[in-house]
Amino acid sequence: MAHVSVTIAGRYYRMACDEGQEEHLMRLGRDIDARINQLRTTFGEIGDQRLTVMAAITISDELAEARNRIRALESDLEGQRDARASALARLEAGEEAVARTIDEVAERIERLAVDLAPREKTVVGMG
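So, here's what we can say about the structure.

Rules used in this analysis
Residues numbered from 1 in each chain as written. Predicted model: local features only at pLDDT ≥ 70, side-chain atom pairs only at ≥ 80, totals over all residues. Heavy atoms only, no water. Helix = DSSP H or I, 4+ residues; strand = E, 2+ residues; numbered from the N terminus. Contact = heavy atoms within 4.5 Å. Areas by Shrake-Rupley, 256 points an atom, 1.4 Å probe, with all protein chains shown as cover. Lys, Arg positive; Asp, Glu negative; His and termini not counted. Charge placed at Lys NZ, Arg CZ, Asp CG, Glu CD. Pairing = 2+ DSSP bridges. Buried < 20%, exposed > 50% of the residue type's maximum accessible area, 1.4 Å probe, protein only. Salt bridge = Lys/Arg side-chain N within 4 Å of Asp/Glu carboxyl O. Expected span 1.5 Å × (residues − 1). Arc of directions from axis to C-beta.

1. Some words on the overall build of the chain
Looking only at helices and strands, the chain has two helices and two strands in total. Referenced to the eigenvectors of the C-alpha coordinate spread, the extents of the chain come out at roughly 130 × 35 × 20 Å. Put simply, 19% of the contacts in the chain that link residues at least 6 apart link residues at least 24 apart. Split by element, the accessible area of the chain, about 10,700 Å² in all, is 56% carbon and sulfur. For the chain, the distance from the average site of its 18 positive side-chain charges to the average site of its 24 negative ones is 3 Å.

Written out as structure tokens, the structure is:
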């Protein structure tokens, strides 16, 4: 287990994380710190705890919006998959119909060729 120190609202926190996740955890800490500083600039000194709660609510709201967008995108993707499958089925049916038509035309041509071929005439022999 790895450990990192993050600074949030001027306070240092030593935190544990999985190996290889140190930089990610530090980025998250910097993001929270930046949000608190932004709120402090907007609202002034209203108390560290209140600023932290406001930052958490802001982040939670963004997460909820992101989840809603993901659900909408997944639904749209599913609809596109269904439309693609339907289009593919129509294309395959069309290809099969064209193949049948080609076979039928080929058979007709063969019958016409047989009908139009010069027929051997039998000559009745004299004698």
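Having put the structure on the table, let's press on.
2. A closer look at the pairing of strand β2 (residues 11–17)
When strand β1 (residues 2–8) meets β2, the two strands line up antiparallel, connected through seven bridges. Across the sheet, the residue bridging to Thr7 is Tyr12, located in β2. Hairpin connection, β1 to β2: the antiparallel pair is bridged by two residues, and Ala9 has positive phi, about 55°.

3. Some thoughts on the side chain of Asp33
With respect to the helices, strands and loops of the structure, Asp33 is situated in helix α1 (residues 22–43). One buried charged residue, Asp33, forms no salt bridge at all, with the nearest opposite charge on Arg40 at 6.2 Å. Setting aside chain neighbours within four positions, we find Asp33 in contact with Thr7, Ile8, Ala9 and Gly10.

4. Overview of α1
The end-to-end C-alpha distance of α1, which contains 22 residues, comes to 31 Å, matching closely the 32 Å that a straight helix rising 1.5 Å per residue would cover. Along α1, the positions that sit buried rather than exposed are Leu25, Gly29, Asp33, Arg35, Ile36, Leu39 and Arg40. Each buried residue of α1 lies within a common arc of 155° when the element is viewed along its axis, so the set occupies one face. Along α1, the residues that are exposed and aim more than 90 degrees away from the buried face are Gln38, Thr41 and Thr42. Of the surrounding secondary structure, the elements contacted by the buried residues of α1 are β1, β2 and α2 (48–116). Backbone geometry just downstream of α1 places Gly44 in the positive-phi region, at approximately 85°.

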